[in-house]
Amino acid sequence: MKIGMIGLGKMGGNLAKNMKSHGHEVIVYNRTKEKIDTFVREGFEGVTSIEALAEKLTEGDVFWVMVPAGTIVDDVLDDIMKYAKRGALIIDGGNSNYKDTVRRAQEVSERGYRYMDIGTSGGQQGALEGACMMVGGLLEDFRHMETILTDICVPRGVDYMGSHGAGHYVKMVHNGIEYGMMQAIAEGFEILNHSGYELDLTAIAKVWQNGSIISSYLIDKSVAALEKNPDLEGILDQVDSSGEGLWTLEEALEQKVPAYVIAASLFKRFESKQDDRFSNKLLAAMRNEFGGHKVHKDGE
């Protein structure tokens, strides 16, 4: 089986290398030729268009799409279906909204193609050395891909979640949980940083890596960050949100499921982008109105 990898970013590129290291034939394509050339120098076969990629793939081969969520996924799917043979299997391994995945699966099926969604976790290191994957689509397509998926994932790190969209749905909730866990770890270290003790945060994180209840991949990454920059010097206190935390919260609201921690962690990320927050101004004004508390103004 050949894999046509579309998108050679941090995740797609590392997955391609992971596949190749396990003996699978991977043909790579990226919008920028420089990235293709880099992979060709590393021994990959590269093409400069999706049309050329389709010419290289035969029945039983796979188009594996690793591009950012949004309309770019639709654009890539349209390009694939212009040139691919009917019945070809297309995989979206990015972080698409599961509702978009359900829609796309229907559209792809109506045009005579097969579709799978694979939520991928483990970060760049996992993509390269052993990922965790949550798979949605037809069970028969999962069975078709099972050997390669098992090869590129950690032991017991891949399974079939259900029909189209289930893989991305489970990954969405996974990322919502991740938001909350990261926020709790960050807040804990901030408390330590403000303590009256002369604490070595890197040393503490290393202890927590070993045998503690909160030992985890995220603690491992905290250690890596603190080892590089113990005081986090030069890093702005602004945190991006990729979208999946928001989607998880929206799903919780639709299902009427309380999700306090995920909501708070998402709002904290939004807050980090706001240097001049209206809500705080209103809070100060209210306190002044009912209690005569001082309101701080510019220039004071």
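Before reading further, recall that the structure is shown in the block above.
Residues numbered from 1 in each chain as written. Predicted model: local features only at pLDDT ≥ 70, side-chain atom pairs only at ≥ 80, totals over all residues. Heavy atoms only, no water.

(A) View of a nonpolar patch on the surface. Judged by side-chain polarity, Leu246, Phe267 and Phe270 come together as a nonpolar surface patch covering roughly 270 Å² of accessible area. In this fold, Leu246 is placed in helix 11 (residues 244–255). (Patch = residues over 30% accessible without salt bridge, like charges linked within 9 Å, V, L, I, M, F, W, Y side chains within 5 Å. Areas by Shrake-Rupley, 256 points an atom, 1.4 Å probe, with all protein chains shown as cover. Salt bridge = Lys/Arg side-chain N within 4 Å of Asp/Glu carboxyl O. Helix = DSSP H or I, 4+ residues; strand = E, 2+ residues; numbered from the N terminus.)

(B) Region of the structure containing the environment of Leu236. Examined against the element boundaries, Leu236 turns out to sit in the loop between helix 10 (217–228) and helix 11. Since its relative accessible area comes to 63%, Leu236 is described here as exposed. Placed 218 residues apart in sequence, Leu236 and Asn18 show a C-alpha to C-alpha distance of 33 Å. (Buried < 20%, exposed > 50% of the residue type's maximum accessible area, 1.4 Å probe, protein only.)

(C) Highlighting the side chain of Asp92. With respect to the helices and strands, Asp92 occurs in strand 5 (residues 89–92). Reaching out from Asp92, the side chain makes a polar contact with the side chain of Ser96 at a distance of 2.6 Å. Those residues in contact with Asp92, other than ones at most four positions away along the chain, are Val65, Val73, Arg104, Tyr115, Met116, Asp117, Ile118 and His168. (Polar contact = N/O pair within 3.5 Å; in protein donor to acceptor, adjacent residues only side chain to side chain. Contact = heavy atoms within 4.5 Å.)

(D) Here's a closer look at the nonpolar core. Grouped together as the largest cluster of nonpolar side chains are 28 residues, with contacts concentrated most on Met5, Leu15, Met19, Trp64, Met133, Met145 and Leu149. The leading source of residues in this core is helix 7 (residues 139–152), at five residues. When sequence neighbours within four positions are dropped, the list of residues in contact with Leu149 reads Trp64, Ile118, Met133, Val135, Phe142 and Val158. Among the nonpolar cores identified, the runner-up in size contains 25 residues, and Leu77, Ile80, Ala88 and Tyr113 belong to it. (Core = buried A, V, L, I, M, F, W, Y, C linked by side-chain atoms within 4.5 Å.)

(E) View of the sheet that holds strand 2 (residues 25–29). Across the sheet, which stays open at both edges, the eight strands sit in the order 3-2-1-4-5-6-7-8 with mixed pairing between neighbours. The open sheet is flanked by strand 3 (45–46) and strand 8 (153–162), the only strands paired with a single partner. Taken together, the six bridges between strand 6 (residues 114–121) and strand 7 (residues 131–137) define a ladder with antiparallel strand orientation. Paired with Gly119 across the strands is Met134, a residue of strand 7. Packing of helix 4 (residues 71–83) onto the sheet brings it into contact with strand 1 (2–6), strand 4 (62–65), strand 5 and strand 6, and relative to strand 5 it is tilted by some 165 degrees. Sitting on the sheet, helix 8 (residues 166–193) is in contact with strand 5, strand 6, strand 7 and strand 8, with an inclination near 20 degrees to strand 6. (Pairing = 2+ DSSP bridges. Axes fitted to C-alpha atoms, helices over the stretch in contact; angles between N-to-C directions.)

(F) Structural detail: the packing of helix 8 against helix 9 (residues 201–208). Orientation of helix 8 relative to helix 9, taken along the N-to-C sense of each, is 135 degrees, at an axis distance of 11 Å. Considered as vectors, helix 8 and helix 9 are oriented oblique to each other. Along this stretch, helix 8 crosses helix 9, giving a crossing that reads as right-handed. On helix 9, the residues that touch Phe189, Leu192 and Asn193 of helix 8 are Leu201, Ile204, Ala205 and Trp208. (Parallel < 35°, antiparallel > 145°, perpendicular 65-115°, else oblique. Left-handed = near helix turned anticlockwise from the far one by under 90°.)

(G) How the structure looks around unusual backbone geometry. A positive phi angle, near 55 degrees, is found at Leu232, a position not held by glycine. Here Leu232 is to be found in the loop between helix 10 and helix 11. Looking at Leu232, the relative accessible area reads 41%, which means it is partly exposed. Residues other than glycine seldom take positive phi values, yet Lys256 does so here, at roughly 60 degrees. Structurally, Lys256 can be placed in the loop between helix 11 and helix 12 (260–271).

(H) Quick peek at the environment of Asp159. Along the chain, Asp159 falls in strand 8. Residues contacting Asp159, with those up to four places away along its chain left out, are Met133, Met134, Val135 and Phe142.

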